[in-house]
Amino acid sequence: MTMRRTAVAAATAALTLLAAWGGAHSATAATPAPAPAPAAKTAKAAKTVETAKTAKTAKTAKTAKTANAAGTCAVLAPGASAVAEKAVAAACEQIGVWYTWGGGHGPQPGPTYGQVDPSDPDSAHDPERLGFDCSGLVRYAYARAAGGDPLTGNAHHQFHSPRVQQRFTAAQATGPLLPGDLLAWGSGGPIHHIAIYLGAGKMVEARESGTRITVSDVRLDGDYAGAVRIAPPAAAPGTFSTWGTDVWTHREPSTTSPRVHKFPGPTTVRIECQKHAEPVTAEGYTNDAWSYLPEYGAWITNIYIKGAAWLDGVRTCP
């Protein structure tokens, strides 16, 4: 009985072993196990993935940085004077403020409500908008930087200001320019637009009705007239200020000669010489003295120049 049980147990064990071997063989045939990859190959693949990921991240960061720099309003190049850099900073503080025609030309530098420009339908809302036009922004920036009010008047007056230290032609492009230089448009006629250079081919400007003060690429095409650099705040020899509103200069020292430029308000001017010519009566005064303004190629009656009837320290014209 014992021997029979032993034989049966041995047979059962043998069958179980055969079944187990057969199942394992079938499973192996159906799903072969992958061979392990060499350690060096695995490390290289991981490094390649990591390198690609790092490069992509760096490229994304560089693209974001470039996009951000494109709209940055700041001094973007070295070499400018402290006053010029302060003017750039003051203008950049106004980013996002409305352009408004005539804005910035109040009694003191700063934003004002504008006017309707009859030639521009987009200016219909300018009387409702507090802001600057192009020359109003330039006036404000340099008043903040230099103290006083050195760049009054419109864009044409600013481009021909006695505060100009150096001029650059349109052909010179942006090569010699420094931050704070004033770029102007209107070659072949009166200057009608002015902006402040930032460096790196960028400028800050109050461009036109319906827009806000912004950073732009410098536009060297069209009627670009060149640029000027403003001198430090020390008064230039022969510098005076006009007074009154809508004051015309003339080609000759006579009110009957052709008009040249109109000063909408007080403007800093340089007087080269003065002479006695046609008597003029205005604002309750009568005076026959006229002053020659070399930047405008024009004459103005001394009635509208702040100072004595015959200006001290100014030579007599031949």
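Residues numbered from 1 in each chain as written. Predicted model: local features only at pLDDT ≥ 70, side-chain atom pairs only at ≥ 80, totals over all residues. Heavy atoms only, no water.

Student: Where do I start with empty space enclosed by the protein in this structure?
Tutor: In this approach, a probe sized like a water molecule rolls over the atoms, and the result shows the empty space that is left. Overall, the coordinates contain one cavity of 30 Å³ or more when judged by the stated rule. Reported here for the largest cavity is a volume of approximately 40 Å³. Forming the walls of the largest cavity are Val-83, Tyr-142, Ala-146, Pro-150, Arg-163, Ile-230, Ala-231, Pro-232 and Pro-233. (1 Å grid on protein atoms, 1.4 Å probe; cavity = no way out; pocket = protein on both sides within 12 Å on 5 of 7 lines; lining within 4 Å. Points joined across faces, edges and corners; volume = space filled by probe spheres on them.)

Student: Help me out: how do you make sense of the layout of surface pockets in this one?
Tutor: Each pocket or cavity is described by its volume, and for the largest pocket that value is around 1000 Å³. Lining of the largest pocket is provided by 40 residues; of these, Gly-102, His-105, Asp-133, Ser-135 and Asn-154 occupy positions nearest its centre. Put simply, the parts of the chain that give the lining of the largest pocket at least two residues each are strand S2 (112-113) and helix H4 (134-146). At three residues, the largest contribution of residues to the lining of the largest pocket is made by H4. Its residues assigned to classes, the lining of the largest pocket comprises 12 nonpolar, 16 polar and 12 charged. Of the volumes computed, that of the second largest pocket is approximately 190 Å³. (Helix = DSSP H or I, 4+ residues; strand = E, 2+ residues; numbered from the N terminus. Nonpolar A, V, L, I, M, F, W, Y, C, P; charged D, E, K, R; others polar.)

Student: When you look at the pairing of strand S5 (residues 182-185) in this model, what are you seeing that I'm missing?
Tutor: Two faces, one strand: in a regular strand the side chains alternate between the faces of the sheet. The side-chain alternation of S5 yields two buried faces, one formed by Leu-182 and Ala-184 and the other by Leu-183 and Trp-185. Sheet topology places S5 next to strand S9 (residues 224-230); four bridges connect them, and they run antiparallel. Looking across to S9, one finds that Trp-185 is bridged to Tyr-224. (Buried < 20%, exposed > 50% of the residue type's maximum accessible area, 1.4 Å probe, protein only. Pairing = 2+ DSSP bridges.)

Student: Could you clarify how one ought to interpret the nonpolar core in this entry?
Tutor: For soluble globular proteins, the rule of thumb is that nonpolar side chains tend to be buried together. In terms of nonpolar packing, the biggest core is built from 34 residues, with Tyr-142, Leu-182, Ile-196, Leu-198, Val-204 and Ile-230 touching the most fellow members. For this core, the secondary-structure elements that each account for two or more residues are helix H3 (82-92), H4, helix H5 (155-159), S5, strand S6 (193-199) and S9. In contact with Leu-198, other than residues within four places in its own chain, are Thr-72, Cys-73, Ala-74, Val-75, Leu-76, Ala-77, Val-88, Cys-92, Pro-179, Met-203, Val-204 and Val-215. (Core = buried A, V, L, I, M, F, W, Y, C linked by side-chain atoms within 4.5 Å. Contact = heavy atoms within 4.5 Å.)

Student: Please explain the state of the cysteines as it appears in this structure.
Tutor: Working definition: the covalent bond between the sulfur atoms of two cysteines is a disulfide. Tallied over the entire structure, the rule returns two disulfides. Here Cys-73 is linked by a disulfide to Cys-92, with a sulfur-sulfur distance of 2.0 Å. Looking along the S-S bond of the Cys-73-Cys-92 disulfide, the torsion reads about -80°, which is the left-handed sense. Here Cys-92 lies in helix H3 and Cys-73 lies in the loop between helix H2 (39-70) and H3, a separation of 19 residues in the sequence. The disulfide bridge from Cys-273 ends at Cys-317, spanning 1.9 Å between sulfur atoms. Between Cys-273 and Cys-317, the S-S torsion sits near 95°, and that sign places the bridge as right-handed. You can see Cys-273 sitting in strand S14 (residues 273-282) and its partner Cys-317 sitting in the segment after strand S16 (298-301), a full 44 residues away along the chain. Per residue, the accessibility class of Cys-273 equals that of Cys-317, and both read buried. When the bonded cysteines of the chain are numbered from the N-terminus onward, they pair as 1-2, 3-4. (Disulfide = S-S within 2.5 Å.)

Bear in mind that shape data such as this cannot, by itself, settle questions of function.
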